[in-house]
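So the chains spell out like this:
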Amino acid sequence: MSVDRCSAPPGHPQKCSSTFAKAHTVPRASLKRIAANGHIFSFVPNATNLERHGPKFPPQRWGINRASTFTGFCSNHDDAIFAPLEKTPFAGTPEQCFLLAYRALARELHLKQSILAYWDDRLRKQTTVEIVPPLALLTLQGFLDGTRKGVVDLASHKSAYDRILLTGDYRDVRAHVIELSGPPTVMCSSGIVPEHTFDGEKLIDIPSHRQRLSLLSFSSFADATAGFVVFAWVEDGTDYCSRLSRSLKRLPAETLTASLVRFFFECSENIHLQPSWWQGLSASVQDRLVARMDGSSEFIPRDQARDFHSDDGVAYGRWHVVQRYDVAAPIT
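Residues numbered from 1 in each chain as written. Predicted model: local features only at pLDDT ≥ 70, side-chain atom pairs only at ≥ 80, totals over all residues. Heavy atoms only, no water.

1. Let's talk about the overall build of the chain
Selection rule: Starting at the N terminus, helices and strands are each numbered in turn, a helix being any DSSP run of H or I of at least four residues and a strand any DSSP run of E of at least two. Exposed residues in this analysis have more than 50% of their type's maximum accessible area, buried residues have under 20%, and partly exposed residues fall in between, with area computed by a 1.4 Å probe over protein chains only. By definition, residues are in contact when any of their heavy atoms lie within 4.5 Å.
Secondary structure assignment for the chain yields 10 helices and 10 strands. Counting over 332 residues, the chain shows a buried share of 51%. Residue pairs in contact within the chain that sit at least 24 positions apart in sequence constitute 79% of those at least 6 positions apart.

So this is what it looks like as C-alpha cells:
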C-alpha cells in the first residue's frame, strides 16, 4: 500500500505533482473526533502483527496521522478532486456521495494492484531458500486469480467513475445517507460486491457470476457537527445495490447500530475505532468481532460469509439517528 500510484483519470485538467500525500480515506478531521490523545484503534496487517498473532490479530492504538491512509493520488489531484468533500460541510449532495464512492473504489483498486505486484515479484524471485509448498502455492494461485478478476472488474468500474468525475454528470449516482447526532464510534471507507442484504437474502454467487460484478461503497465519518453513514453506488443495470439499500432502510432504529457494526467488521478491514468504545467492550465481544473480520477473509469462505444480518445478541451501543434520506441527482 506504500506504492505511489496516482489514480486520477487521464484528461483531468489538474496536472500531476511529484509528491504523494498519504491521503486519508476517512478524513483526519473525522478521526480526530473519536480519538484519544491523537490515537484511535485500527487493524494494521503488517508482518509483525501477523507473526505475533496469526491471522486473527487485534486492533492496535494508531496515530490519526497514519490511520486510513494510502498513496493512491498525487498531492495535486488529491486536493483538487476531493475539495468538495473535504473543504465544505457534508450535505449529502450527489457529488459528495459520488466522491466518497470514488475514493473507496480507488483504494480497493490500488490495494489489489499492489497485492498482485508484490506476489508477482516475490514468486518470480523464488529461490531454493524460499520455496512455496505445492498446496500453499495452489491456494495462493486461486487467491491471485480471484484478485486479477477483481482488478478487471474494478478497472471497468473506474473507467465509468472517471467519466462521471470528468463530466460532472451525477445522474446515475445513488446513495442512502444516515445522519447521526454525533460521530459514529466505528469509522470506515470501503467498497464491496453486494452478496447479501441485511435481511439475509442472497443477491449473487460470485464464483458462478460471469458478468461484471456490481460495486457498492460505504463510509462512516463525521464533520464538525454531525456523523454520517453513507452507502453509495452508480447504477449499472442491476438491482443488487438498491436491494441491499432497501433492506438497510427496513432496519428498525433499535437494531440499526448493531447491524451496521456487524456489516463493517464483515465487509472491511479499513475500519477505525473510538478507543473508549473498543476498550469498553468485553474481551469475549472483542474476540468475536476480530473473528468476524477474519472469517470474512478466509481463502475458503464460510457458507454464509456475509452474516452481518444475523443478530449476535450484542448491542454495541446506539448511534442516535437525526434523519435518513436517499440521494439521486435530478433528471434534466
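What follows picks up the thread again.
2. Some points on the side chain of Asp 223
Condition: Counting rule applied: Lys, Arg positive; Asp, Glu negative; His and chain ends not counted. Any Lys or Arg side-chain nitrogen located within 4 Å of an Asp or Glu carboxyl oxygen qualifies as a salt bridge. Whenever a nitrogen or oxygen atom comes within 3.5 Å of another N or O atom, the pair is scored as a polar contact, on the condition that within protein one atom can donate a hydrogen and the other can accept it, and that pairs from neighbouring residues in sequence are kept only if both atoms are in side chains.
Among the structural elements, Asp 223 can be located in the loop between strand S7 (216–222) and strand S8 (227–234). For the buried Asp 223, which has no salt bridge, the nearest side chain bearing the opposite charge is Arg 33, at an N-O separation of 4.9 Å. Looking at Asp 223, its side chain comes within polar contact range of the main-chain nitrogen of Ala 226, at 2.8 Å. Those residues in contact with Asp 223 that sit more than four places away from it in its chain are Arg 33, Pro 89, Phe 90 and Phe 228.

3. Let's talk about the pairing of strand S6 (residues 186–192)
The condition is simple: Any two strands between which DSSP finds at least two bridges are classified as paired.
Taken across its seven residues, S6 has seven buried, putting it largely inside the fold. Burial along S6 is two-sided: Val 186, Cys 188, Ser 190 and Ile 192 facing one way and Met 187, Ser 189 and Gly 191 facing the other are all buried. Summarising the sheet, S6 and strand S9 (residues 271–273) pair through three bridges and their orientation is antiparallel. If you follow Met 187 over to S9, its bridge partner there is His 272. Pairing geometry for S6 and S7, over five bridges, is antiparallel. Note that in S7 the partner of Cys 188 across the bridge is Ser 220.

4. Structural notes on helix H7 (residues 240–249)
Burial runs high along H7: eight of the 10 residues are buried. For H7, the full list of buried residues reads Tyr 240, Cys 241, Ser 242, Arg 243, Leu 244, Ser 245, Ser 247 and Leu 248. Residues of H7 that are buried sit in contact with strand S5 (173–180), S7, S8, helix H8 (253–267) and strand S10 (321–328).

5. A short note on the pattern of salt bridges
What the rule picks out here adds up to 19 salt bridges. In this structure, Arg 262 and Asp 311 form a salt bridge, with 3.9 Å as the shortest nitrogen-oxygen distance. Separated by 49 residues along the polypeptide, Arg 262 in helix H8 and Asp 311 in the loop between helix H10 (283–295) and S10 bring together distant segments of the chain. A residue is classified by how much of its surface remains accessible, and Asp 311, at 64% relative accessible area, is exposed. Each of Arg 262, Glu 266, Arg 292, Asp 311 and Asp 312 takes part in one network of salt bridges that share partners.

6. Section: the nonpolar core
Soluble globular proteins tend to pack their nonpolar side chains together in the buried interior. Applicable threshold: By nonpolar core is meant a set of buried Ala, Val, Leu, Ile, Met, Phe, Trp, Tyr and Cys residues that side-chain atoms within 4.5 Å join together.
The biggest cluster of nonpolar side chains holds 43 residues, and the ones touching the most others in it are Phe 231, Leu 260, Phe 264, Phe 265 and Trp 277. The biggest single contributor to this core is H8, with eight residues. With near-sequence residues (within four places) excluded, Phe 264 lies in contact with Val 186, Cys 188, Phe 218, Ser 220, Val 229, Ile 271 and Trp 319. In this structure, Phe 90, Leu 109, Leu 144 and Val 151 belong to the second largest nonpolar core, which totals 39 residues.

7. Describing unusual backbone geometry
Residues other than glycine predominantly adopt negative phi, and peptide bonds predominantly adopt the trans conformation. The backbone of Asn 37 sits at a positive phi, close to 55 degrees, despite the residue not being glycine. On the secondary structure map, Asn 37 appears in the loop between helix H1 (28–32) and strand S2 (39–42).

8. Digging into the sheet that holds S7
This is how the line gets drawn: Every axis corresponds to a line fitted to the C-alpha atoms, with the helix fit spanning only the stretch in contact, and the corresponding angles, defined between N-to-C directions, vary from 0 to 180 degrees.
One open sheet accounts for eight strands, arranged S3-S2-S9-S6-S7-S8-S5-S10; its pairing is antiparallel. Edge positions in the sheet fall to strand S3 (60–63) and S10, since each of these pairs with one other strand and no more. Within the sheet, the average angular offset between the axes of one strand and its neighbour, ignoring direction, is 25 degrees. In this sheet, S10 lies alongside S5 in antiparallel orientation, the contact comprising seven bridges. If you follow Ala 175 over to S10, its bridge partner there is Val 327.

9. A word on the packing of aromatic side chains
Counted only if it meets this: Only Phe, Tyr and Trp rings take part, Trp by its six-membered ring, and two of them pair if their centres are within 6.5 Å. Stacked means planes under 30 degrees apart, edge-to-face means over 60, and tilted covers everything else.
Tallying each qualifying case throughout the model produces 21 aromatic pairs. Both rings, one in Phe 198 and one in Phe 263, keep their centres 5.3 Å apart while their planes meet at 25 degrees; by these two values the pair is stacked. Pair noted here: Phe 198 is in the loop between S6 and S7 and Phe 263 is in helix H8, with a separation of 65 residues, a long-range link. With respect to class, Phe 198 is no different from Phe 263; both count as buried. Seen in terms of ring centroids, Phe 231 and Phe 263 are 5.3 Å apart; in terms of plane orientation they differ by 55 degrees. Their pairing is tilted. With Phe 231 in strand S8 and Phe 263 in helix H8, this residue pair connects regions lying 32 residues apart in the sequence.

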